[in-house]
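Take a look at the letters that make up each chain.
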Amino acid sequence: MDTTRYIAKHVINLPRSGIRDFFEIVAKMKDVISLGIGEPDFDTPWHIREAAIYALEKGKTHYTSNLGLIELRRAINRYVEKNFGISYRPEDEILVTVGVSEALDIAFRALVNPGDKVMFHQPCYVSYHPSITLTHGVAVPVPTYAKDNFALTAEALVAAWQPGCKLLMLNLPCNPTGGTCNRAQIEAIAKFAVEKDLLIISDEIYSELTFEGEHVSIASLPGMKERTIFLHGFSKAFAMTGWRIGYACGPAALVEAMMKVHQYSMMCASILSQEAAVEALLRGEEGMKSMRDQYHRRRDFIVRRFNEIGLKCHLPRGSFYAFPSVETTGMGEKEFALGLLEAERVAMVPGTAFGTNGTGFCRACFATGYDQLIEAGDRIERYVQSLKTKSR
Amino acid sequence: MAFLLFFAKLRDVMSPIIKLLLEGGSLTTAQMGQVLNLPEAEVNRQIDQLKKDHILLGWRPVLNLADEETGVVRAVIEVRITPERGGGFNRLADRISRFDEVESCYLMSGGYDLLVFVSGTSLQRVAAFVSEKLSTIEGVLSTATHFLLRSYKEQGFLLDVQAEENSRLKVAP
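Please read all numbers here as calculations on a predicted model, not as lab measurements.

Asker: Looking at this structure, how should I read the overall build of chain B?
Answerer: Each helix and strand counted, chain B has 6 helices and 6 strands in total. The N-to-C order of helical and strand elements in chain B reads α-α-α-α-β-α-β-β-α-β-β-β. For chain B, the proportion of its 173 residues judged to be buried stands at 14%. Expressed as a percentage of contacts within chain B between residues at least 6 apart in sequence, the contacts between residues at least 24 apart total 53%.

Asker: What's the story with the interface of chain B and chain A in this structure? I'm lost.
Answerer: Note on interface size: it is often stated as the accessible area lost on association of the parts. Counting residues at the interface gives 20 residues for chain B, matched by 28 residues for chain A. Those elements that provide at least two residues to the side of chain B that touches chain A are α1 (2-6), α2 (16-22) and α3 (29-36) of chain B. With 3 residues, α3 of chain B is the largest single contributor of residues to the side of chain B that touches chain A. Partitioned by chemical class, the residues of the side of chain B that touches chain A number 11 nonpolar, 4 polar and 5 charged.

Asker: Would you take a moment to explain the sheet that holds strand β1 (residues 73-81) of chain B for this structure?
Answerer: Strands pair in a sheet through their backbones, by hydrogen bonds, and they do so in one of two ways: parallel or antiparallel. Residue and element names in this part refer to chain B. The sheet built from 4 strands is open, its strands ordered β2-β3-β1-β4 with antiparallel pairing. What marks the edges here is a single partner per strand, and that holds for β2 (102-107) and β4 (140-147). Within the sheet, the average angular offset between the axes of one strand and its neighbour, ignoring direction, is 20°. Bridge analysis of β1 against β4 gives 7 bridges, and the strand direction is antiparallel. From the neighbouring strand, Arg80 faces β4, where its bridge partner is Ser142.

Asker: Got a minute to help me understand helix α5 (residues 99-111) of chain A in this structure?
Answerer: For an α-helix, 3.6 residues make a turn, and residues three or four places apart therefore share a direction. Residue and element names in this part refer to chain A. In this model α5 runs 19 Å from its N-terminal to its C-terminal C-alpha over 13 residues, within 8% of the 18 Å that 1.5 Å per residue would give. Where burial is concerned, most of α5 is hidden: 11 out of the 13 residues are buried. Taken as a whole, α5 has its buried residues at Gly99, Val100, Ser101, Glu102, Ala103, Leu104, Asp105, Ile106, Ala107, Phe108 and Leu111.

Asker: Before we go on, may I ask you to explain the domain arrangement of chain A in this structure?
Answerer: Residue and element names in this part refer to chain A. Taken domain by domain, chain A comprises domain 1 (3-44 + 286-391) and domain 2 (46-283). Look at where the C-alpha atoms of domain 1 and domain 2 centre, and you get two points 25 Å apart. Counting residues at the interface gives 33 residues for domain 1 and 39 residues for domain 2. Secondary structure elements with two or more residues in the side of domain 1 that touches domain 2: α11 (285-309) and β9 (321-322). Here the side of domain 1 that touches domain 2 gets 6 residues from one element, more than from any other, and that element is α11.

Asker: Got a minute to help me understand the pairing of strand β3 (residues 114-120) of chain B in this structure?
Answerer: Residue and element names in this part refer to chain B. In terms of strand pairing, β1 meets β3 through 7 bridges, oriented antiparallel. Counterpart to Val79 in the pairing with β3 is Leu114. Adjacent in sequence and paired antiparallel, β2 and β3 are bridged by 6 residues, among which Gly110 carries a positive phi angle near 110°.

Asker: I would appreciate a short explanation of unusual backbone geometry in the present structure.
Answerer: Note: most residues except glycine have negative phi, and most peptide bonds are trans. All names here are of chain A. Residue Pro173 follows Leu172 across a cis peptide bond; omega there is -5°. With respect to the secondary-structure elements, Pro173 resides in the loop between β5 (165-171) and α8 (183-195). Of note, the bond from Asn175 into Pro176 is cis; its omega dihedral lies within 30 degrees of zero at 25°. Take Pro176: it is sitting in the loop between β5 and α8. Although it is not a glycine, Asn149 adopts a positive phi angle of roughly 55°. One can find Asn149 in the loop between β4 (138-143) and α7 (154-160).

Asker: Explain the packing of helix α4 (residues 70-84) of chain A against helix α10 (residues 271-283) of chain A to me, please; I cannot follow it from the model alone.
Answerer: Relative placement of two packed helices is described by the angle separating their axes and the distance separating the axes. Residues and elements named next belong to chain A. Where α4 contacts α10, the axes come no closer than 9 Å and their chain directions differ by 30°. By the angle class used here, α4 and α10 are roughly parallel. Considering the relative orientation of α4 and α10, their crossing is left-handed. Note on element contacts: α10 touches α4 through Gln274, Ala277, Val278, Leu281 and Leu282, opposite Glu71, Leu72, Ala75, Ile76 and Tyr79. Classifying every residue of the contact of α4 with α10 by side-chain character gives 8 nonpolar, 1 polar and 1 charged.

Asker: I'm lost on the sheet that holds strand β12 (residues 362-365) of chain A in this one. Help?
Answerer: All names here are of chain A. The strand order β9-β12-β11 describes an open sheet built from 3 strands, whose pairing is antiparallel. Each having just a single partner strand, β9 and β11 (349-350) make up the two edges of the open sheet. The pairing of β9 with β12 spans 2 bridges and is classified as antiparallel. If you follow Tyr321 over to β12, its bridge partner there is Cys365.

Asker: Sorry if this is basic, but what is going on with the nonpolar core here?
Answerer: Soluble globular proteins: nonpolar side chains tend toward being buried together. Ranked by size, the top nonpolar core spans 133 residues in total, and within it Ala107 and Ala248 of chain A carry the most contacts. For this core, the element with the most residues is α5 of chain A, which contributes 7 residues. Residues in contact with Ala248 of chain A, not counting those within four places in the same chain, are Leu95, Thr97, Ala103, Ala107, Ile229, Leu231, Val255 and Met258 of chain A. Among the nonpolar cores identified, the runner-up in size contains 13 residues, and Ile77, Val79, Val116 and Leu134 of chain B belong to it.

Asker: Looking at this structure, I do not really get helix α4 (residues 40-52) of chain B. What am I missing?
Answerer: Taking 1.5 Å per residue as the helical rise, α4 of chain B with its 13 residues ought to reach 18 Å, and the 18 Å between its terminal C-alpha atoms agrees with that figure. Downstream of α4 of chain B by one or two residues, His54 of chain B has phi in the positive range, about 60°.

The rules we used
- Residues numbered from 1 in each chain as written.
- Chains lettered and ligands numbered in written order.
- Predicted model: local features only at pLDDT ≥ 70, side-chain atom pairs only at ≥ 80, totals over all residues.
- Helix = DSSP H or I, 4+ residues; strand = E, 2+ residues; numbered from the N terminus.
- Buried ≥ 20, exposed ≤ 12 C-beta atoms within 10 Å, placed from the backbone.
- Contact = placed C-beta atoms within 7 Å.
- Nonpolar A, V, L, I, M, F, W, Y, C, P; charged D, E, K, R; others polar.
- Pairing = 2+ DSSP bridges.
- Axes fitted to C-alpha atoms, helices over the stretch in contact; angles between N-to-C directions.
- Expected span 1.5 Å × (residues − 1).
- Domains from an automatic or database assignment.
- Parallel < 35°, antiparallel > 145°, perpendicular 65-115°, else oblique.
- Left-handed = near helix turned anticlockwise from the far one by under 90°.
- Core = buried A, V, L, I, M, F, W, Y, C linked by C-beta atoms within 7 Å.

The following block contains the structure:
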């Protein structure tokens, strides 16, 4: 029986993830140094894990409010106010979700009518474009470029805008490029959004991992809180990827709309993850800073190595990704990544897995130990040298 | 990473070399140089300076001495001593610290003065050290010896932890 005929057309037409294809190749190989794992290499700090164990021992196994534990929402409000300069009412402007992934999904499902256009900068996280498609929206990509260190510029937004654009998706600092925007650039984006009456969905999951300068949240600018849904979570800053816990903050009417979707699909986020998240916000700052310091040193090392090897790489101001260009090798990004994997057993994800502006680039995640980074650098150098030798 | 949490307030003033050492990656000085973009000679020079400044006291491996066959008996001794005019507790603490049996010695607040960690090849040897060497020092008022029965964590390393296979996916978005 051919069951594929039951699959919805828009799902059939959804392209396979470039990451998944690459993952399946890497999974079959042994002794690979993977620079392709987009999550912290640290385990969640013990005190956060212990808070979840304690909650379990105390019998905390039941549903919570759809919006999430009020203690967590209060802690989120205090944290966001202190670190981002935005105040949200715990009662009705904050929604605890199953990761930022769920927050993004329900935001689109709550806001996108069939045919609505959603702008997003790329290269970008693999989920944004498919999420827009799954809600029958129209994805409007906005290119970012190496010459701007992959910052999103107002010029690019103006050039990409079309009538019918309703939402603007931001992810700053960005996965995979590490690009982010300074205050002037954020203000220009805000001005554009106001002029075009766009609602902003701002995924700031890497914001704590900003190594130089300030992270400016667009919702903190005058007049922007009412047209921004601020998404954040615990996966990257507190090494809580597997806990699946995040949050959305925004105007009460929008949070209520998202809550409608959330309550029917998820009910609530895991109570254990919520309890752990409270501990992270109350006492996790030092651990987070320690991890960030280590990412910072690793970034400096790996970016320097890429440039020494001849793979031009900008210095990412945030996230734990470097995005070197492989142009000097004369190879395409897929060919380079597969060749590197085959010859030297180092995995980097081809940039086109993240959008067409990833052409010619590979993503290297430096959330791994120094010994791995040092060895990976040596292997990549050997591979690039071998390519030069072959081409003579 | 746990040790770095203890030094949280010092993190901003710690040299990058100390931070790397505390991160516990067991890097060689050549590798440290690669990470910090310094010549190896400069890394060695900075390490020597840290030693001269008595910030870096030395290196010692952290061993699991839980096995009976190692023949190591350890004890923690609470020592009450008489403070001395002009020297406080320092002279006596220094004298006690110099014994080879003493691993660590700390001045403490509370119901006793010094907390002394000792080790020996048998219970009798440790007991003899306390009764013949430690208690007999002029100025030592009393000792309370507690023998270590089992160690769960040594200097930041958990014992009795099965090495887990790395469960991270090899590629993730």
